[in-house]
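Per-entry structural report
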Amino acid sequence: MRSEGRTLRGAALPEWPPPGGSNRDGSHGCEPPEEDTGGPAATTGAALPTVALPPSAVTTAVSATITLQQLTDQLQALETEAAAAIGAAADPAELEQLRVDLLGKKGRLSGVLGAMGRLPGEERPQVGQRANVLKEQVQSLLGERLHQLQSSALADRIARETLDVTAPCRYVPPGHRHPLQATVEEILDIFAGLGYRVSEGPEVESDHYNFTALNIPPHHPARDMQDTFYLAPGADGGERLLRTHTSPVQIRHLEANPPPVRIVAPGRVYRRDAVDATHSPVFHQVEVLALDEGLDFSHLRGTVTTFLQRFFGDLPVRFRASYFPFTEPSAEVDVRWRGRWLEVMGCGMVDPAVLEGLGIDPERWSGFAAGLGVERFCMVRHGIDDIRRLYTSDLRFLEQF
Ligand code: DAH
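A few points on the structure. (Residues numbered from 1 in each chain as written. Predicted model: local features only at pLDDT ≥ 70, side-chain atom pairs only at ≥ 80, totals over all residues. Heavy atoms only, no water.)

1. Comments concerning the nonpolar core
Phe307, Leu308, Phe312, Met345 and Phe377 are the most contacted members of the largest nonpolar core, which has 42 residues in total. What phenylalanine 312 contacts, discounting residues up to four positions off in sequence, is Val335, Trp337, Val344, Phe377 and Val380. Counting residues in hydrophobic clusters, the runner-up holds 24 residues, among them Ala82, Leu109, Ala115 and Leu134. (Core = buried A, V, L, I, M, F, W, Y, C linked by side-chain atoms within 4.5 Å. Buried < 20%, exposed > 50% of the residue type's maximum accessible area, 1.4 Å probe, protein only. Contact = heavy atoms within 4.5 Å.)

See below:
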């Protein structure tokens, strides 16, 4: 109907006077859409203007009729509908959509007000007043519902986030590191401070890495001192064993990383030893390797002494000549501890034969290696008399650390 009204006006009636005065008189601020204001909306039987219309415009105008009763009914229906819809809105977004649908520029109320222009002038204020009351009602319903939704959302959230401060707590006793692990970490820390990186290798090794590549060929007497546990051959048919020391990590690391290198390699090692107060078939070592240009025995001595003094305190350290197949010369290191010399590690300059086996030129690269038993360091440091205490998980013992 409104589009027909537009057609009417569009059909050239510029002089048409507003029928029966301005609709603004009784509108209380409710403004109908502009195209209806003062327009030739008098298409109802009540006030059909007596003016010569172009034939097309006249036929269009005939259907555009409305009565006061119809508009009042529409407002009444709108009120009922709006109240139900607002009451059923589930969230603020839905409410906002309702506000736009009901009160917005193109909303339902505007539609009714638009049609109001087609009423005789004296009837318009009634509709305008009614519309204004409705508008205020709808606004306050929207406001109330919004408030309701917000407070029930808040109540939900409070209920969800409630803490029962009276609930009994679950006691989880704080754990701590095993003394052996703490010792390993302390050793690695000291070497990290000297510029060393950590490298690791497998506990299941091949004969090649554990012995041969370290200059311990088959039948070499040094093998007797490190009898171990053998496993079924691997997929390649090669002999597999539990590594007897961490020295194979030297070989593995140099295969993958060309010198210069400075590494420490911690890990578990295995030997076929009978258990007693100082022996265990499984124990821990830390291996040290430095390979660079121009390294000599003074670097070995300086590094090992610095490390031992950081770990044990500023104690006398002594080097004794010894023998290892993979170092030349080799030495054992003792620390003066509580009035006696304690043997704590083996070391030496990397044997050129080991470097040649790796394709590294011993004329250019030289370096030193060292290996120590972690249990020994741990026992000396804490005054532990029996190595077995470190493996039996007795809390009376462990809780002292
Ligand atoms: N691998 C030797 C062992 O388990 C310890 C050792 C001695 C390691 C001298 C070294 C070294 O790197 O240079 O008995």
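Having seen the model, we can carry on.
2. Things to note about the sheet that holds strand 7 (residues 317-324)
Note: strands within a sheet are paired through backbone hydrogen bonds, in either parallel or antiparallel orientation. Strand order in this open sheet of seven strands is 1-5-6-10-9-8-7, and the pairing throughout is mixed. Edge strands, defined here as strands with exactly one partner in the open sheet, are strand 1 (197-198) and strand 7. Examined bridge by bridge, strand 9 (residues 340-350) and strand 10 (residues 365-373) share five bridges and lie antiparallel to one another. Across the sheet, the residue bridging to methionine 349 is phenylalanine 368, located in strand 10. On top of the sheet, helix 10 (residues 297-312) reaches strand 7, strand 8 (327-337), strand 9 and strand 10; it is set at about 145° to strand 9, its chief contact. (Pairing = 2+ DSSP bridges. Helix = DSSP H or I, 4+ residues; strand = E, 2+ residues; numbered from the N terminus. Axes fitted to C-alpha atoms, helices over the stretch in contact; angles between N-to-C directions.)

3. Here we look at the side chain of glutamine 250
Structurally, glutamine 250 can be placed in helix 9 (residues 248-256). If sequence neighbours within four positions are ignored, glutamine 250 has contacts with Glu287, Leu289 and Ala369.

4. A look at the site of the ligand
If you check the shell around the ligand, you find 16 residues, and the closest are His245, Ser247, Arg271, Gln285 and Glu287. Side-chain polar atom of arginine 271 to an oxygen atom of the ligand: 2.8 Å apart, as the coordinates give it. Surface burial for the ligand is 92%, taken as the share of its 350 Å² of free accessible area covered by protein chains. When each cavity is represented as a set of grid points, the ligand is found to reside in the largest pocket. Breaking the shell around the ligand down by element, the ones donating at least two residues are strand 6 (282-293), strand 9 and strand 10. Split by residue class, the shell around the ligand holds five nonpolar, nine polar and two charged. (Near = heavy atom within 4 Å. Polar contact = N/O pair within 3.5 Å; in protein donor to acceptor, adjacent residues only side chain to side chain. Areas by Shrake-Rupley, 256 points an atom, 1.4 Å probe, with all protein chains shown as cover. 1 Å grid on protein atoms, 1.4 Å probe; cavity = no way out; pocket = protein on both sides within 12 Å on 5 of 7 lines; lining within 4 Å. Sits in = over half its atoms within 2 Å of the grid points. Nonpolar A, V, L, I, M, F, W, Y, C, P; charged D, E, K, R; others polar.)

5. A look at the packing of helix 4 (residues 92-103) against helix 6 (residues 124-160)
Between helix 4 and helix 6, whose axes approach to 10 Å, the crossing angle comes to 175°. Between helix 4 and helix 6, the angle is such that the two are roughly antiparallel. Here Pro92, Leu95, Leu98, Arg99, Leu102 and Leu103 of helix 4 come into contact with helix 6, specifically with Lys135, Val138, Gln139, Leu142, Arg145, Leu146 and Leu149. A per-class count over the contact of helix 4 with helix 6 returns nine nonpolar, one polar and three charged. (Parallel < 35°, antiparallel > 145°, perpendicular 65-115°, else oblique.)

6. Considering unusual backbone geometry
Here proline 259 and proline 260 are connected by a cis peptide whose omega angle stands at 10°. In the Ramachandran plot, arginine 338 falls in the positive-phi region, its phi being about 45° despite a non-glycine side chain. Although it is not a glycine, serine 393 adopts a positive phi angle of roughly 55°. Tracing the chain through its elements places serine 393 in the loop between helix 12 (374-382) and helix 13 (395-398).

7. Here we look at the sheet that holds strand 4 (residues 240-242)
Ordered by their spatial adjacency, three strands build an open sheet running 2-4-3, and the pairing between neighbours is antiparallel. Edge positions in the sheet fall to strand 2 (204-206) and strand 3 (230-231), since each of these pairs with one other strand and no more. Two strands pair when backbone bridges link them, and strand 2 and strand 4 are joined in this way by three bridges, in the antiparallel orientation. Pairing of glutamate 205 across the sheet is with leucine 241, part of strand 4.

8. Focus on the pattern of salt bridges
Considering all chains together, one arrives at 17 salt bridges under this definition. A salt bridge links arginine 177 to glutamate 185; the shortest N-O distance between them is 2.3 Å. In this structure glutamate 185 comes out as partly exposed when scored by relative accessible area, which is 30%. A salt bridge links arginine 320 to aspartate 334; its shortest N-O distance comes to 2.7 Å. With arginine 320 in strand 7 and aspartate 334 in strand 8, this residue pair connects regions lying 14 residues apart in the sequence. Looking at arginine 320, the relative accessible area reads 30%, which means it is partly exposed. Look at aspartate 334 and you get buried, because its relative accessible area is 2%. (Salt bridge = Lys/Arg side-chain N within 4 Å of Asp/Glu carboxyl O.)

9. Some details on the packing of aromatic side chains
Using the criterion set out here, one finds 11 aromatic pairs in the structure. The rings of Phe191, Tyr196, Phe307, Phe311, Phe312, Trp337 and Phe377 are connected pair by pair, giving a single aromatic cluster. If you follow arginine 252 out to its NZ or CZ, it ends over the ring of tyrosine 209, 4.0 Å from the centre. Cation over ring: arginine 381 sits above phenylalanine 311, and NZ or CZ is 4.1 Å from the ring centre. (Phe/Tyr/Trp six-rings, centres within 6.5 Å; stacked < 30°, edge-to-face > 60°. Lys NZ or Arg CZ within 6 Å of the ring centre and 35° of its normal.)

10. Side note on the packing of helix 7 (residues 179-193) against helix 12
The geometry of helix 7 relative to helix 12 is characterised by a closest axis approach of 9 Å and an angle of 105° between their N-to-C directions. With respect to their mutual orientation, helix 7 and helix 12 come out roughly perpendicular. Contacts between helix 7 and helix 12 involve Pro179, Leu180, Thr183, Val184, Glu186 and Ile187 on the former and, on the latter, Val374, Glu375, Phe377, Cys378 and Arg381. Looking at the contact of helix 7 with helix 12 residue by residue, the class counts come to seven nonpolar, one polar and three charged.

11. Quick notes on the side chain of glutamate 332
As for its position among the elements, glutamate 332 is in strand 8. Put simply, glutamate 332 is tucked away with no salt bridge, and the nearest opposite charge, on arginine 320, sits 4.8 Å away. Among the polar contacts listed, one links the side chain of glutamate 332 to the side chain of serine 322, at a separation of 3.4 Å. Setting aside anything within four residues of it in sequence, one finds glutamate 332 in contact with Arg318, Phe319, Arg320, Ser322, Phe324, Glu343, Met345 and Gly346. (Lys, Arg positive; Asp, Glu negative; His and termini not counted.)

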